[in-house]
Amino acid sequence: MANKIIEVTDLHKKYGEFEAVKGISFDVIEGEIFGLLGPNGAGKSTTLEIMETLRQKTSGKVVIAGLDLDTSPNEIKKIIGVQLQTSGYYPSLNLVELITLFSGLYNENVDPMELLDKVNLRDKSKAKFKEMSGGQKQRFSIATTLINKPAIIFLDEPTTGLDPQARRNLWDLIREIRNQGTTIIITTHYMDEAEVLCDRVAIIDSGKIIALNSPDKLIDELVDSGFEKPKEVKQANLEDVFIHLTGKALREE
Ligand code: ADP
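These notes cover the structure that comes with them. Remember, predicted model here, so these are calculated numbers, not experimental data. (Residues numbered from 1 in each chain as written. Predicted model: local features only at pLDDT ≥ 70, side-chain atom pairs only at ≥ 80, totals over all residues. Heavy atoms only, no water.)

**Quick look at the packing of aromatic side chains**
What counts here: Working definition: a ring pair exists when centres of Phe, Tyr or Trp rings (six-membered ring for Trp) sit within 6.5 Å. Plane angles under 30 degrees give stacked, over 60 give edge-to-face, the rest tilted. To sort residues, take the accessible area from a 1.4 Å probe on protein chains only and compare it with the maximum for the residue type: under 20% means buried, over 50% means exposed, and anything in between is partly exposed. Each ring is checked for a lysine NZ or an arginine CZ that lies within 6 Å of its centre and within 35 degrees of its normal; such an atom marks a charge sitting over the ring.
If you walk through the whole model with that rule in mind, you get two aromatic pairs. Relative to Phe34, the ring of Phe26 lies with its centre 5.5 Å away and its plane at 10 degrees, an arrangement referred to as stacked. Assigned by exposure class, Phe26 and Phe34 land together as buried. Over the ring of Tyr190 we find Arg167, and its NZ or CZ is 4.7 Å from the ring centre.

**Remarks on the sheet that holds strand 4 (residues 59-64)**
The condition is simple: Any two strands with at least two DSSP bridges between them are considered paired. In this text, helices come from DSSP runs of H or I with a minimum length of four residues, and strands from runs of E with a minimum of two, each type numbered from the N-terminal end. A contact between two residues is defined here by any heavy atoms of the two lying within 4.5 Å. Helix axes are fitted to C-alpha atoms over the stretch in contact, other axes to C-alpha atoms as well, and angles between N-to-C directions run from 0 to 180 degrees.
Strand order in the open sheet made by the four strands is 2-1-4-5, with antiparallel pairing throughout. Whereas interior strands pair on both sides, the edge strands pair on one side only; in this sheet they are strand 2 (18-29) and strand 5 (67-68). In this sheet, strand 2 lies alongside strand 1 (residues 4-15) in antiparallel orientation, the contact comprising nine bridges. When the bridges of strand 2 are listed, His12 appears paired with Lys22. Running over the sheet, helix 1 (residues 44-51) touches strand 1, strand 2 and strand 4 and is turned about 120 degrees from strand 1.

**Focus on the site of the ligand**
Rule in force here: Nearness here has a simple test: a residue counts as near a molecule or strand if at least one of its heavy atoms is within 4 Å of that partner. Polar contact is the term for a pair of N or O atoms within 3.5 Å; when the atoms are in protein, one must be able to donate a hydrogen and the other to accept it, and sequence-neighboring residues count only if both atoms are side-chain atoms. Working definition of accessibility: Shrake-Rupley area with a 1.4 Å probe, residue cover restricted to the visible protein chains.
Taken together, Tyr15, Phe18, Ala20, Pro39, Asn40, Gly41, Ala42, Gly43, Lys44, Ser45, Thr46 and Arg55 form the complete shell of residues around the ligand. Gly41 is positioned such that a nitrogen or oxygen atom in its backbone is 2.7 Å from an oxygen atom of the ligand. Between the ligand and the protein, one listed contact pairs an oxygen atom with a side-chain N or O atom of Ser45 at 2.7 Å. Relative to its unbound accessible area of 560 Å², the ligand is 60% covered by the protein chains. Breaking the shell around the ligand down by element, the ones donating at least two residues are strand 2 and helix 1. In terms of residues, the shell around the ligand owes the most to one element, helix 1, which gives three residues.

**What about helix 5 (residues 134-145)?**
What counts is decided by this rule: In a helix, the anticipated span is given by 1.5 Å times the number of residues less one.
End to end, helix 5 covers 17 Å across 12 residues, agreeing with the expected 16 Å (1.5 Å per residue, within 8%). All of the buried residues along helix 5 are Gly135, Gln136, Gln138, Arg139, Phe140, Ser141, Ile142, Ala143, Thr144 and Thr145. Buried residues along helix 5 sit in contact with strand 6 (80-82), helix 3 (95-106), helix 4 (112-118), strand 7 (152-156) and helix 6 (164-179).

**A word on helix 6**
Taking 1.5 Å per residue as the helical rise, helix 6 with its 16 residues ought to reach 22 Å, and the 23 Å between its terminal C-alpha atoms agrees with that figure. Here helix 6 has its buried residues at Pro164, Gln165, Ala166, Arg167, Asn169, Leu170, Trp171, Leu173, Ile174, Ile177 and Arg178. The backbone nitrogen of Gln165 has a side-chain oxygen 3.0 Å away, supplied by the residue at the start of helix 6, namely Asp163. Following helix 6 by one or two positions, Gly181 has its phi on the positive side, about 110 degrees.

See below:
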């Protein structure tokens, strides 16, 4: 039976008089890639940061792996992975040194090279963070979420600003991490990405969930409702052209 690893019930968040999250409820199933989608200002980051224990909720219930956010935030912190803001903080440290530093913060003993292997950055172990490409920085940032061997990781727009090759490479990495048993909550503004990557998505608008299902079912529902796209006659799009011409191999390695 599907095991609920996150249960959010009637979550509200007010900033002063303004209600950014207006009573949302959803579950995340263990082992799935769950997408939080929605326009800017919808309340995605607020919801994410409440689950990450980084922001106070106004009301509602959040249970993560059976732990209640109200009574066990420290236990929750131990089993989740959150992307650390690495850029610019320690410009003179290399990747191994950064991992050692972060491991110390988590009180974890990790082998930096083993962790770098997981995100395909062994070759960059002696490089400084600032010297890496956008895709490498994102891969490293994902590696930092894995330091405490979490059951769940939260990724906030991990592919924003990446080239098409780096984006696909990151999708593979995210799938690999999931295949090793980690549940993944991700936000993205790219609907093609959500469609290929997420098992289920919640679409949030103005602080409310307006749809929650697998991308496939949401598309079928729309089509069944009589929706028709203006005729799509081409068999490919410009991104296909780009990938066809430049290949799938990562650049800036
Ligand atoms: P999203 O991640 O979907 O873009 P956010 O959760 O960042 O949305 O923001 C939701 C709403 O709450 C926005 O209208 C934003 O301006 C507001 N908001 C976010 N953080 C704060 C804050 N610290 N103080 C006041 N308003 C905030």
